[in-house]
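Summary of structural features
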Amino acid sequence: LFRCRLDGDSCVADWQPVNLPAGQWNYYSYFFTHNDNLFFAVRRLADTVAPHQIYRMTNVGTWEHVCEMPRRLHAFGLAVMGHQLVVVGGCSDHACKRPSLSVYVIDLNDVCTGWHPLPALPCECIYPRVVVIDNTIHVLGYVEGRLMHSKEVLSLDMTTTASSSTTALSITSQWARNTIPQVPLACCAPVVVNGQVVVSGGFTPGKPDDVQKSVFVYHSESGQWLPLPSLSTARR
């Protein structure tokens, strides 16, 4: 891991190496940011039963332990929604024979309140891509059933919470499902740009050798996908 100090879009110093937390780590690890802090969710390579641990990088480049995941999971997805971290799907074993339908949320500003469940997923979501737009969680590009990538986007509206505190969550909405037959989403790279999901690359579901150059933008309000100029090379 390397870091440098930015001034606008430019580095004002050389890249400096940063050690990861001590130990040998499983390659299924996750980085995310919150309040200009870098977080690292990872599980020790030799630990077959322990859940992922979450660390935060301090200003001096060291790591401090924040909390552990709500349970042992593999191939899950995560996203930051305001001050909350959302963990979606995955499975409880490396062979992915025991998929999880669970969704959890924790307040990163007050981790002592612990993890809280959200409405369960309507289907298996292994290796999901998760993005958040206007308090709505969108899950896409996931594996469902017999390792077949789904052609759906799952969406959960979080604006129906009774309180902004994770200690008083009361979600009345359920997951909505939108079919997107013309867009290859397996192993895609989704990002949020100006309130819209932009998906690039990936491969056609069920055809892992059919790698794509395509880029699409998803309008969550209308549920429509529109093409953008393609990538110069196919990516997955």
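Look up a bit, the structure's there.
These lines cover the structure that appears in this document, whether it is placed above or below. All of these numbers come straight from a predicted model, not from anything done at the bench.

Some details on the pattern of salt bridges
Taken as a whole and judged by the stated rule, the model has 1 salt bridge. Note that E64 and R56 form a salt bridge whose closest N and O atoms lie 2.5 Å from each other. The class for E64 is partly exposed, based on a relative accessible area of 34%.

Here's the deal with the layout of surface pockets
Taken as a whole, the largest pocket spans an internal volume of roughly 310 Å³. If you go around the largest pocket, the residues you meet are F2, R3, C4, R5, L6, A13, D14, W15, Q16, L38 and M57.

Some thoughts on the pairing of strand β13 (residues 129-133)
When you tally the buried positions in β13, you get 4 out of 5 residues, the bulk of the element. Sheet analysis places β13 next to strand β14 (residues 136-140), joined by 5 bridges and oriented antiparallel. Looking across to β14, one finds that I133 is bridged to T136. The hairpin formed by β13 and β14 contains 2 residues between the paired strands, and D134 there has a positive phi angle of roughly 50°.

Here's the deal with the sheet that holds strand β17 (residues 152-157)
Here we have 4 strands laid out as an open sheet, ordered β13-β14-β17-β18, and antiparallel in their pairing. With one partner strand each, in any of the chains shown, β13 and β18 (176-179) form the two edges of the open sheet. Taking the axes of each pair of neighbouring strands and ignoring which way they run, one obtains an average angle of 25° across the sheet. Pairing between β14 and β17: 4 bridges, direction antiparallel. Residue pairing across strands places V139 opposite L154, the latter belonging to β17.

Cut-offs used in this document
- Position labels on residues start from 1 in each chain and follow its written sequence.
- Where totals are concerned, whole chains, interfaces and linings use all residues; where local detail is concerned, this predicted model gives features only for residues with pLDDT of at least 70, and gives and counts side-chain atom pairs only at 80 or more.
- Where side-chain values are given, they derive from all heavy atoms of the structure, hydrogens and water being excluded.
- One speaks of a salt bridge when a side-chain nitrogen belonging to Lys or Arg is within 4 Å of a carboxyl oxygen belonging to Asp or Glu.
- Throughout this description, buried means an accessible area under 20% of the type-specific maximum (1.4 Å probe, protein chains only), exposed means over 50%, and partly exposed covers the range between.
- Residues are called lining when one of their atoms sits within 4 Å of a cavity or pocket point, these points coming from a 1 Å grid over the protein atoms alone, where a cavity is a set in which a 1.4 Å probe fits but cannot get out and a pocket is an open set with protein on both sides within 12 Å along at least five of seven lines.
- Grid points are joined across faces, edges and corners, and a volume is the space filled by probe spheres set on the points.
- A run of H or I in DSSP counts as a helix once it spans at least four residues, and a run of E counts as a strand once it spans at least two, with each numbered from the N terminus.
- Strands are treated as partners if at least two bridges between them are detected by DSSP.
- Every axis corresponds to a line fitted to the C-alpha atoms, with the helix fit spanning only the stretch in contact, and the corresponding angles, defined between N-to-C directions, vary from 0 to 180 degrees.

None of this, on its own, says anything about what the molecule does.
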